[in-house]
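Reading the structure
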Amino acid sequence: MTTQTTQAERGTPDTELQNFSPSNDTFSHRLRITNPENVEEEAVTPANVVDALQKWNSPVVLFIFIGLGNGLIDAAWCAWIGNMANSNEVSGFLQACYALGATIAPLITTAMISKGGLEWYAFYYLMVGISAIEFLTSAYTFWYQTGAIYQAENPRDPNSTTGRTRQALKSKVTWIFALFIFGYVGAEVSLGGWIVVFMTRVRKATSFAGGATAAGFWGGMTLGRLCLSFLTARLGEFESVLLYLILTIILQLVFWLVPNLAVSAVSVAFLGVFMGPMFPTAIVLITKLLPRSLHVGTIGFATAFGGSGGAIFPFAVGAIAQAKGVKALQPVILSLLTILAILWFCLPRRAKKDSRLYDRENAAGPNLMPAENIH
């Protein structure tokens, strides 16, 4: 028996199945095997192998293990890349790959089933191959980056009696960041998941036109993350996201208030362009606001907490749509974007003490600045 799910139910490669990210901090600091990226691949690949072997309609338990691996991968890569030179550009490229996957994966799956006559589970054979390549390349690249090396490069307060994640949770910056990601993911997945329904029922588009509009949204997000990262590096993280939020609010109003099919499709594509850079830019800003030793715990917690927004808000939109109609999507998205702007204003533009200077000083001595001093 085949199963079909909407994009809103599945989520996106950015966010669906990130609820295990907090455990990444423990893996990163206590395992003496490889860099975090290697350990995570070990969680993803076996799960994909087992999932590919399933020819019965009960993959839910297996997706728990895939979610574990994906959550660990997401937090580790975001934290690692956030500390690189030209972090805005590199992080934008990383997140663009997620958006690109969201654009082409449904097309590949549809072609395999409709044109190739394959069963629904055949797509996971492809995922096995991709996961195996990722595992091998990551293991080769980070083989000598052990947990001991990570601890040496990221010293913590010797007087601290709590773990790094708990220490990160003492900072209000962590909570504001988590709430921002929660709202962002909710807006992204709700909009991306319900576009087709809105276009077909409200704008009276054909199924093809509705699907093309959704592809335009994810394609725009890919383009925005690739191209606007260079603008972000020049304007600064805080100012850039503020600009993107203003533009997305304007575009959302156009999408809502102008009852024209072509205008709606174009505005949705540009919504993707300007929403796309917000996630990687927020990650980069957090790596500058918090000490390096807290990056994995903070980003892991925020992506896990934020990932739940990708489950809660699309469900809420569906419940409201049943009662009020799918037109309710528009005020929900507009409200979320407005809340995101308010939360962004609550974040400091820069750390009281530059995090990179902080890391160099801590490498020379034990006097660490506790997370609660960062506001």
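In this text, all values refer to a predicted model and were calculated from it rather than measured experimentally.

**Some thoughts on the nonpolar core**
By size, the foremost hydrophobic cluster in this structure holds 64 residues, and its most contacted members are F180, Y184, L191, F217 and W344. Of all the elements, helix 9 (residues 172-201) adds the most residues to this core, at 16 residues. Not counting residues within four places of it along the chain, the set of residues in contact with F217 comprises E188, L191, G192, I195, V268, A269, L271, G272 and M275. Core analysis: the second largest hydrophobic core is formed by six residues, W77, L94, Y98 and F142 among them.

**Brief notes about unusual backbone geometry**
The residue K204 is not glycine, and still its phi comes out positive at about 60°. In this structure, K204 sits in the loop between helix 9 and helix 10 (207-235). Residue classification places K204 among the exposed residues on the basis of a relative accessible area of 65%.

**Details of the pattern of salt bridges**
Opposite charge on two side chains lets them pair, provided their charged atoms get close. The final tally for this structure, using the stated rule, is two salt bridges. Measuring nitrogen to oxygen at the nearest pair gives 3.5 Å for the salt bridge that ties E188 to R225. Of this pair, E188 sits in helix 9 while R225 sits in helix 10, and the two are 37 residues apart along the sequence. R225 matches E188 in its accessibility class, with the two residues each being buried. E237 is paired through a salt bridge with K288; the nearest N and O atoms lie 2.8 Å apart.

**Some details on a nonpolar patch on the surface**
There is a patch of nonpolar side chains on the surface, built from L100, I104, I108, L126 and I130 and spanning about 380 Å² of accessible area. Those elements that provide at least two residues to the nonpolar patch are helix 5 (87-115) and helix 6 (123-141). Residue contributions to the nonpolar patch peak at three residues, all from helix 5. In this fold, L126 is placed in helix 6. Among the residues examined, L126 registers a relative accessible area of 35% and is labelled partly exposed.

**Examining the confidence of the model for the protein chain**
Mean pLDDT over the protein chain works out to 76, with 74% of the residues at or above the 70 mark. Within the model, the stretch residues 1-20 combines pLDDT values under 50 with 55 contacts to residues more than four positions away or in other chains. Under a pLDDT of 50 for its full length, residues 36-43 has, in the predicted model, 31 contacts with residues more than four places off or in other chains.

**Looking at the side chain of R203**
By the element assignment, R203 lies in the loop between helix 9 and helix 10. Summary of buried charges: R203 has no salt-bridge partner, and the nearest side chain of opposite charge, E188, is 21 Å away. Polar contacts involving the side chain of R203 include one to the side chain of S264, which spans 2.7 Å. Residues contacting R203, with those up to four places away along its chain left out, are F198, F255, W256, V258, P259, N260, L261 and S264.

**Some points on the side chain of S264**
Relative to the elements of secondary structure, S264 occurs in helix 12 (residues 261-275). The residues touching S264, leaving out its near neighbours within four places in the chain, are M199, R203, F255 and V258.

**Quick look at helix 11 (residues 237-257)**
With 21 residues, helix 11 ought to run about 30 Å at 1.5 Å a step, and its terminal C-alpha atoms sit 30 Å apart, in line with that. Turning to helix 11, its buried residues are E237, F238, S240, V241, L242, Y244, L245, T248, L251, Q252 and F255. As for helix 11, its buried residues are in contact with helix 5, helix 9, helix 10, helix 12, helix 13 (278-289) and helix 16 (329-346).

**Here we look at the packing of helix 10 against helix 12**
What describes two packed helices is the angle between their axes and the distance between those same axes. For the pair helix 10 and helix 12, the least separation of the axes is 6 Å and the interaxial angle reads 35°. Crossing geometry of helix 10 relative to helix 12 is assigned as right-handed. Counted together, T213, G216, F217, G220, M221, G224 and L228 of helix 10 and A265, V268, A269, L271, G272, V273, F274 and M275 of helix 12 form the full contact between these two elements. Looking at the contact of helix 10 with helix 12 residue by residue, the classes come out as 10 nonpolar, five polar and no charged.

**Looking at the environment of M84**
Relative to the elements of secondary structure, M84 occurs in the loop between helix 4 (60-82) and helix 5. Accessibility expressed as a relative area gives 30% for M84, which makes it partly exposed. For the pair M84 and V284, spaced 200 residues apart in sequence, the C-alpha separation works out to 9.6 Å.

**Here's the deal with the packing of aromatic side chains**
For the coordinates displayed, the defined rule picks out 14 aromatic pairs. Here the aromatic rings of F217 and W218 are separated by 5.0 Å at their centres, their planes lie at 75°, and the arrangement is edge-to-face. Here F217 falls in the buried class, since its relative accessible area comes to 0%. In textbook terms, an aromatic cluster arises when at least three aromatic residues are bridged by ring pairs, as seen for W175, F182, F301, F305 and F313.

**A look at the environment of P291**
Note that P291 resides in the loop between helix 13 and helix 14 (295-307). Judged by relative accessible area, which is 2%, P291 ranks as buried.

Cut-offs applied
- Residues numbered from 1 in each chain as written.
- Predicted model: local features only at pLDDT ≥ 70, side-chain atom pairs only at ≥ 80, totals over all residues.
- Heavy atoms only, no water.
- Core = buried A, V, L, I, M, F, W, Y, C linked by side-chain atoms within 4.5 Å.
- Buried < 20%, exposed > 50% of the residue type's maximum accessible area, 1.4 Å probe, protein only.
- Helix = DSSP H or I, 4+ residues; strand = E, 2+ residues; numbered from the N terminus.
- Contact = heavy atoms within 4.5 Å.
- Salt bridge = Lys/Arg side-chain N within 4 Å of Asp/Glu carboxyl O.
- Patch = residues over 30% accessible without salt bridge, like charges linked within 9 Å, V, L, I, M, F, W, Y side chains within 5 Å.
- Areas by Shrake-Rupley, 256 points an atom, 1.4 Å probe, with all protein chains shown as cover.
- pLDDT = per-residue confidence, 0-100.
- Lys, Arg positive; Asp, Glu negative; His and termini not counted.
- Polar contact = N/O pair within 3.5 Å; in protein donor to acceptor, adjacent residues only side chain to side chain.
- Expected span 1.5 Å × (residues − 1).
- Axes fitted to C-alpha atoms, helices over the stretch in contact; angles between N-to-C directions.
- Left-handed = near helix turned anticlockwise from the far one by under 90°.
- Nonpolar A, V, L, I, M, F, W, Y, C, P; charged D, E, K, R; others polar.
- Phe/Tyr/Trp six-rings, centres within 6.5 Å; stacked < 30°, edge-to-face > 60°.

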